[in-house]
Amino acid sequence: MLQRVHALSQHQTIAAIYETVIRSELCDFFLKPTEEDVSRPAEVTPHSQLQKPGADRDLALHFARAVEILEQQWSRSGRPKPTQFFEGGDNFWILLDVDGKVSRASRVARVFLQKRDADVLTALDLNLAGQASIKRRLSHLGLPAYSREGPEVLLRLDGTRRLLCRSVSSGYGLQASFGVMIEALDFDWTKRAKEMLGATFGLHLQELELLGKVFEGVSLEDLAQTTRGGLADIDAQLQVIIAKTGAPGLAEMLRLFCFLIDELATDDRIASGVEPPPEGRLVRSSNHPLQFYKIGADTGQPVIFLHGLLDGIAGVQRLQSQFRKRGFRVYAPLRCGYGCSGPTPMPERSFDIFIDQLEGLLEQENLQRPILLGHRGGSSFAHIAARRLRDRVAGAVIVSGMGPTQNLRELSSLTGHLRMMALTASYSPKIMPLVVKHWARSIRQNGLMTLARSQSGIDGDANDLLESPTMTALLQSSHDMSLIQQCTGLMADFHWIVNDWRRHIDGPTAPVIYLHGEGDQVTSTERLQRAMIGRSNVQVRLCHGGGGLLLYTRPELVFSALEELADR
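Residues numbered from 1 in each chain as written. Predicted model: local features only at pLDDT ≥ 70, side-chain atom pairs only at ≥ 80, totals over all residues. Heavy atoms only, no water.

### Notes on the overall build of the protein chain
Consideration 1: Within the protein chain one finds 24 helices and 13 strands.
Consideration 2: In terms of its C-alpha atoms, the protein chain occupies a principal-axis envelope of roughly 85 × 50 × 45 Å.
Consideration 3: Going through the 568 residues of the protein chain one by one, you find that 54% of them count as buried.
Consideration 4: A separation threshold of at least 6 residues defines the contact pool for the protein chain, and within that pool the share at least 24 residues apart is 71%.
Consideration 5: Carbon and sulfur atoms provide 50% of the accessible area of the protein chain, an area that totals close to 24,800 Å².
Consideration 6: Taking the average location of the 63 positive side-chain charges in the protein chain and that of its 64 negative ones, the two points are 5 Å from each other. (Helix = DSSP H or I, 4+ residues; strand = E, 2+ residues; numbered from the N terminus. Buried < 20%, exposed > 50% of the residue type's maximum accessible area, 1.4 Å probe, protein only. Contact = heavy atoms within 4.5 Å. Areas by Shrake-Rupley, 256 points an atom, 1.4 Å probe, with all protein chains shown as cover. Lys, Arg positive; Asp, Glu negative; His and termini not counted. Charge placed at Lys NZ, Arg CZ, Asp CG, Glu CD.)

### Overview of unusual backbone geometry
Consideration 1: The backbone of Asn366 shows a phi angle near 50°, a positive value even though the residue is not glycine.
Consideration 2: On the secondary structure map, Asn366 appears in the loop between helix 14 (350-364) and strand 10 (371-375).
Consideration 3: Of note in the backbone geometry, Asn537 takes a positive phi value of approximately 70° without being a glycine.
Consideration 4: Look at Asn537 and you get partly exposed, because its relative accessible area is 37%.

### Thoughts on the pairing of strand 10
Consideration 1: Judged by how many residues are buried, strand 10 sits mostly within the fold: five of five residues are covered.
Consideration 2: Burial of strand 10 is two-sided: the residues Ile371, Leu373 and His375 facing one way and the residues Leu372 and Gly374 facing the other way are all buried.
Consideration 3: In terms of strand pairing, strand 10 meets strand 11 (residues 395-399) through five bridges, oriented parallel. When the sheet's bridge partners are listed, His375 is paired in strand 11 with Val399.
Consideration 4: In this fold, strand 10 hands off to helix 15 (residues 379-388), which returns the chain to strand 11; that crossover is right-handed. (Pairing = 2+ DSSP bridges. Right-handed = clockwise from strand over helix to strand, strands pointing away.)

### A look at the nonpolar core
Consideration 1: Membership of the largest hydrophobic core comes to 58 residues, with the highest contact counts inside it found for Phe323, Leu373, Leu490, Phe494 and Leu562.
Consideration 2: Residues in contact with Leu373, not counting those within four places in the same chain, are Val303, Ile304, Phe305, Leu306, Val316, Phe323, Val397, Val399, Val558 and Leu562.
Consideration 3: Within the second largest apolar cluster, 53 residues are counted, among which are Ile14, Leu31, Leu197 and Ala247. (Core = buried A, V, L, I, M, F, W, Y, C linked by side-chain atoms within 4.5 Å.)

### Section: the pattern of salt bridges
Consideration 1: By the definition in use, this model includes 31 salt bridges.
Consideration 2: Linking Arg137 and Glu152 is a salt bridge whose minimum nitrogen-to-oxygen distance equals 2.9 Å. Here Glu152 lies in strand 3 (residues 152-155) and Arg137 lies in helix 6 (residues 128-140), a separation of 15 residues in the sequence. As far as the burial class goes, Arg137 and Glu152 line up, both buried.
Consideration 3: Across the salt bridge formed by Arg269 and Glu275, the nearest N and O atoms sit 2.8 Å from each other.
Consideration 4: The partly exposed category is assigned to Arg269, whose relative accessible area is 31%.
Consideration 5: The network of salt bridges with common partners includes Asp28, Arg166, Glu183 and Arg255. (Salt bridge = Lys/Arg side-chain N within 4 Å of Asp/Glu carboxyl O.)

### Points about the environment of Gly315
Consideration 1: Inspection of the secondary structure assignment puts Gly315 in helix 12 (residues 314-317).
Consideration 2: The class of Gly315 is buried, set by a relative accessible area of 1%.
Consideration 3: In sequence terms Gly315 and Ala132 are 183 residues apart; their C-alpha atoms lie 50 Å from each other.
Consideration 4: Apart from residues lying up to four places away in sequence, Gly315 is in contact with Leu551 and Tyr552.

### Describing the sheet that holds strand 6 (residues 279-282)
Consideration 1: Taken together, the eight strands give an open sheet; going across it, the order is 6-7-9-8-10-11-12-13, and neighbouring strands pair in mixed fashion. The two strands at the open ends of the sheet, each matched to only one other strand, are strand 6 and strand 13 (538-543). Taken pair by pair, the neighbouring strands of this sheet meet at an average axis angle of 25°, ignoring direction.
Consideration 2: Sheet analysis places strand 8 (residues 301-306) next to strand 10, joined by four bridges and oriented parallel. Residue pairing in the sheet places Leu306 in a bridge with Gly374 of strand 10.
Consideration 3: Along the sheet, helix 24 (residues 555-566) makes contact with strand 8, strand 9 (328-334), strand 10, strand 11, strand 12 (512-517) and strand 13, crossing strand 11 at roughly 170°. (Axes fitted to C-alpha atoms, helices over the stretch in contact; angles between N-to-C directions.)

### Side note on helix 15
Consideration 1: Burial analysis of helix 15 places nine of its ten residues in the buried class, which makes it a mostly covered element.
Consideration 2: If you check which residues of helix 15 are buried, you get Ser379, Ser380, Phe381, Ala382, His383, Ile384, Ala385, Ala386 and Arg387.

### A word on the packing of aromatic side chains
Consideration 1: Taken as a whole, this structure holds 13 aromatic pairs when the rule is applied.
Consideration 2: With 6.5 Å between their ring centres and 20° between their planes, Phe328 and Phe559 make a pair best called stacked. You can see Phe328 sitting in strand 9 and its partner Phe559 sitting in helix 24, a full 231 residues away along the chain.
Consideration 3: When its relative accessible area of 3% is taken as the criterion, Phe559 is described as buried.
Consideration 4: Plain terms: the ring middles of Phe351 and Trp496 are 4.7 Å apart, the flat faces sit at 35° to each other, and that makes the pair tilted. Taken together, the positions of Phe351 in helix 14 and Trp496 in helix 21 (residues 488-497) put the pair 145 residues apart, joining distant regions of the chain. The pair formed by Phe351 and Trp496 is uniform in burial state, with each residue classed as buried.
Consideration 5: Put simply, the rings of Phe351, Phe354, Phe381 and Trp496 pair up and form one aromatic cluster.
Consideration 6: The residue whose ring lies beneath Arg162 is Phe187, and the NZ or CZ to ring-centre distance is 4.6 Å.
Consideration 7: Stacked on the ring of Phe381, the Lys or Arg Arg335 has its end atom at 4.4 Å from the ring centre. (Phe/Tyr/Trp six-rings, centres within 6.5 Å; stacked < 30°, edge-to-face > 60°. Lys NZ or Arg CZ within 6 Å of the ring centre and 35° of its normal.)

### Structural notes on helix 7 (residues 191-201)
Consideration 1: Of all eleven residues in helix 7, eight are buried; the element is thus mostly enclosed.
Consideration 2: Every buried residue of helix 7 is listed here: Ala193, Glu195, Met196, Leu197, Gly198, Ala199, Thr200 and Phe201.
Consideration 3: The inward-facing, buried residues of helix 7 contact helix 1 (10-21), helix 3 (57-76), helix 8 (205-215), helix 10 (230-245) and helix 11 (250-271).
Consideration 4: Among the residues trailing helix 7, Gly202 stands out with phi positive, at a value near 70°.

Below, the structure written as structure tokens:
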């Protein structure tokens, strides 16, 4: 058995079940070629799923519930036949009639076919075995052999895409109609994918090897020739695997596996900085639009990350897979002056404008009681938002926050360009653009580790983490965001780094938890405790190790605090 360290969470698996079952092109579940039982196929009923030996009861119940939701949607849509299935959405599928012609296709599939002036099999670029399989399946439609043909995976010649092929039908008697449904399966069968499936569903190496052959397009008939028990033995092995997933059948299991594999690969690319997270835009006025990124799960407890001055969203982007596993749906808005958000307002208006944008984000994305997650220089925005939106948010977790400054001497631990920027923001804000320009030039000349070295008290482990290629890519991306508007966001935020913002958090507030490293030299624990003493619903928790880099070195503490607020 593979180590559980590679396993996905139950939350992530359940979410994938609903994603892969509730699809308009799968409504042939409820269409039968006979007059009896036209509403639901027996193999997807909750009872039959739960009766399978070794079935995962929890996952089987979620499959059954997902099928019920799909049936409800199908009924509300007028119980369409396959040739009437909804063609929108982002999934790639093609329905062929008995003559091999396209009778229905999704929007993305039609765009694909229109770019290739050829018949379907040629356009799909299938290998010879795949073409022969589809032709054989088409010739069997409506014949006794049709009812015995299960789904199969086909390969394209270039290996860039696998296709799931299955027979569909509707109606009965003289009004019966048949077709072949072809769906795209976009994933790479890698060692990491095998480890994930093995750990998540308790699959043994022999079962993973069988799956690998199915994913590589080897037919069940060909596989049967390699075993003493023949096709019955292969089918029995597959049924054991299917039962472990709770899936009603082979096609549902394959869709689930492929979805999870592709999701895992996408998370890895995002976490390593190879590709950015999905983004969105909020436009409440022409002067202050808001750009935001989406990190973690697609559903679940919403979290709003409020970034610091120097590292942007790097701290949460690297935790993409962990946020998804734990069911946190993270939104990371960029404040005015960063990325493609609006221009910076006057300093006195910064908090008001941001709260207005935050309310707009809650409304647009329908976020119910999100948790605010503030980091470093974003701490003031997080705490103030917890105060002003106390009836709409679950609370705030502030990690390595920079507390309100009552005296500039409290920032004496800042060094180099950061110290110069703090002094300039206090005494000569008009020349701040020149100072920031020199800082940006220093990073270009000396590399992104200039950002890391600006943090005081970094230990060896934290230094190794920050110097890793992955962190370099993430920091570069976040640094680029600040340069889009010539670092105007950073300059605006420095105003509140060097000023006292305590008056903005006076009064009742949603729960606020400060996680603060004992070695944080920019804002000492003592200074933060003095600033927050006597404030109701505010906690300052001392964390051993990590200094000012808790989000990078002790993420488990952050997740624990988020889960605490989510459970309240």
